[in-house]
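# Architecture and fold: a report
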Amino acid sequence: MAIQNVMVIGAGQMGSGIAQVCAQAGFNVKLNDMKQEAFDRGIAAITKNLARNVEKGRLSEEEKTAILGRITPSLDLNDAHDADIVIEAAVENMEIKHTIFKTLDEVAPKHAILASNTSSLPITEIAAATNRPEQVIGMHFMNPVPVMKLVEIIRGLATTDEVYKTVEEMTVKLSKTPVECNDFPGFVSNRILMPMINEAIFTLQDGVASKEAIDDIMRLGMNHPMGPLQLADFIGLDTCLYIMEVLHEGFGDSKYRPSPLLRQYVKAGWLGKKTGRGFYEYS
């Protein structure tokens, strides 16, 4: 199946990044959000990213204008009526995703693929909200989307080979590297990453070392580009907690128990960079 028309749901950091790379690859993109101001923020972020590429000589001004011209606003899920693929990048909440996918199943063309950018929720469960589970798949982009090369592609229980192949080919057109995995909690990336971050928080909670020391040891000793506590701040501590809860519930294993200190920070509203304070303070 040929893909030309893409709809991205959610104009936040992930959704706007996905819309940008799709438009750069030549696809027609509808960027959907519930509020006009959210779309405006998303477009502003895309424009800023593209302007930076023009400054660095990676894009011409004409190419930047053409890319932006391929992105149109949407405030209504009914706009999926002509989409070949819809990529959902809404909040990590199964109830919200079920509502979105149920609506998309009703309004998107019969041939349309419905993809989720979820970082941890089961694709099979998301697909169960539709009458086309064989056309539902996970496309987990990494943050920041325009920079990171990986896309985890997750098959649900019913996802067909044809749908997988179509999404794999599209991912290559986005200048990304598709890597396949099966539908288990956290998939591969967050099943490995989040317990490491959680253990770093336990290490801080137990008073083993300061936050700076923990991050320095992982950066300098393990060659990580960013320490786990700083990375948690960039991801969002609420997101980290939510993924740990998905892992804990999904596997029923105490090794995935979220750190009490992580819960405390989230309850305090210290969610990381986006709120100005997490393990570090951000002006």
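From a predicted model like this one, the values you see are computed outputs, not experimental measurements.

Each value, and the rule that gives it
Residues numbered from 1 in each chain as written. Predicted model: local features only at pLDDT ≥ 70, side-chain atom pairs only at ≥ 80, totals over all residues. Heavy atoms only, no water. Helix = DSSP H or I, 4+ residues; strand = E, 2+ residues; numbered from the N terminus. Contact = heavy atoms within 4.5 Å. Pairing = 2+ DSSP bridges. Axes fitted to C-alpha atoms, helices over the stretch in contact; angles between N-to-C directions. Salt bridge = Lys/Arg side-chain N within 4 Å of Asp/Glu carboxyl O. Patch = residues over 30% accessible without salt bridge, like charges linked within 9 Å, V, L, I, M, F, W, Y side chains within 5 Å. Areas by Shrake-Rupley, 256 points an atom, 1.4 Å probe, with all protein chains shown as cover. Lys, Arg positive; Asp, Glu negative; His and termini not counted. Charge placed at Lys NZ, Arg CZ, Asp CG, Glu CD. Phe/Tyr/Trp six-rings, centres within 6.5 Å; stacked < 30°, edge-to-face > 60°. Lys NZ or Arg CZ within 6 Å of the ring centre and 35° of its normal. Domains from an automatic or database assignment. Buried area = accessible area lost by both parts, 1.4 Å probe. Polar contact = N/O pair within 3.5 Å; in protein donor to acceptor, adjacent residues only side chain to side chain.

Bringing the environment of Ala 108 into the picture now. Looking at where Ala 108 falls in the secondary structure, it is placed in the loop between α4 (94–107) and β5 (113–116). On a C-alpha basis, the gap between Ala 108 and Val 86 in space is 8.3 Å, while along the polypeptide they are 22 residues apart. Beyond its immediate sequence surroundings of up to four residues, Ala 108 is in contact with Ala 80, Leu 114 and Arg 132.

To continue, consider unusual backbone geometry. Looking along the chain, the bond that leaves Asn 143 and enters Pro 144 is cis, with omega of 0°. Mapped onto the elements of the fold, Pro 144 is located in the loop between β6 (136–141) and β7 (150–155). The phi dihedral of Ser 175 falls on the positive side, at around 65°, and the residue is not glycine. As for its placement among the helices and strands, Ser 175 is situated in the loop between α6 (161–173) and β8 (177–182). One non-glycine residue, Asn 223, lies in positive phi territory at about 65°. Note that Asn 223 resides in the loop between α8 (211–222) and α9 (228–235).

Right, let's talk about the sheet that holds β7 for a bit. Reading across the sheet, the eight strands line up as β3-β2-β1-β4-β5-β6-β7-β8 and stay open at both edges, with mixed pairing between neighbours. Each edge of the sheet is formed by a strand with only one pairing partner; in this case those strands are β3 (71–74) and β8. With strand direction ignored, the average angle separating the axes of adjacent strands in the sheet is 25°. Sheet analysis places strand β1 (residues 5–9) next to strand β2 (residues 28–32), joined by five bridges and oriented parallel. Bridge pairing in β2 places Val 8 opposite Leu 31.

Under the criterion given, the structure shown has 14 salt bridges. The salt bridge involving Lys 165 is made with Glu 169; its shortest N-O contact spans 2.6 Å. With Lys 165 and Glu 169 both in helix α6, this residue pair falls four residues apart, about one helical turn. Through salt bridges with shared partners, a single network forms among Glu 88, Glu 92 and Lys 97.

To continue, consider a positive patch on the surface. Taken together, Lys 48, Arg 52, Lys 56 and Arg 58 make up a surface patch of like positive charges. By secondary structure assignment, the location of Arg 58 is in the loop between α2 (36–55) and α3 (61–69).

This part covers the packing of aromatic side chains. Considering all chains together, one arrives at four aromatic pairs under this definition. An aromatic cluster is defined as three or more aromatic residues linked by ring pairs; in this entry it consists of Tyr 265, Trp 270 and Phe 279. The residue whose ring lies beneath Lys 211 is Tyr 280, and the NZ or CZ to ring-centre distance is 5.6 Å. The aromatic ring of Trp 270 is capped on one face by Arg 277, whose charged end is 3.7 Å from the ring centroid.

Turning to the domain arrangement of the chain, a few remarks are in order. Looking at the chain, the domain boundaries give domain 1 (5–182) and domain 2 (190–273). Centre-to-centre separation of domain 1 and domain 2, based on C-alpha positions: 27 Å. Contact between domain 1 and domain 2 buries roughly 460 Å² in total, counting both sides, with carbon and sulfur atoms accounting for 53%. Interface area lost by domain 1 to domain 2 is led by Glu 92, Ser 119 and Ser 120, which between them contribute 65%. At the boundary of domain 1 with domain 2, the tally comes to zero salt bridges. The tally of links between domain 1 and domain 2 comes to two residue pairs in polar contact (both at pLDDT 80 or more).

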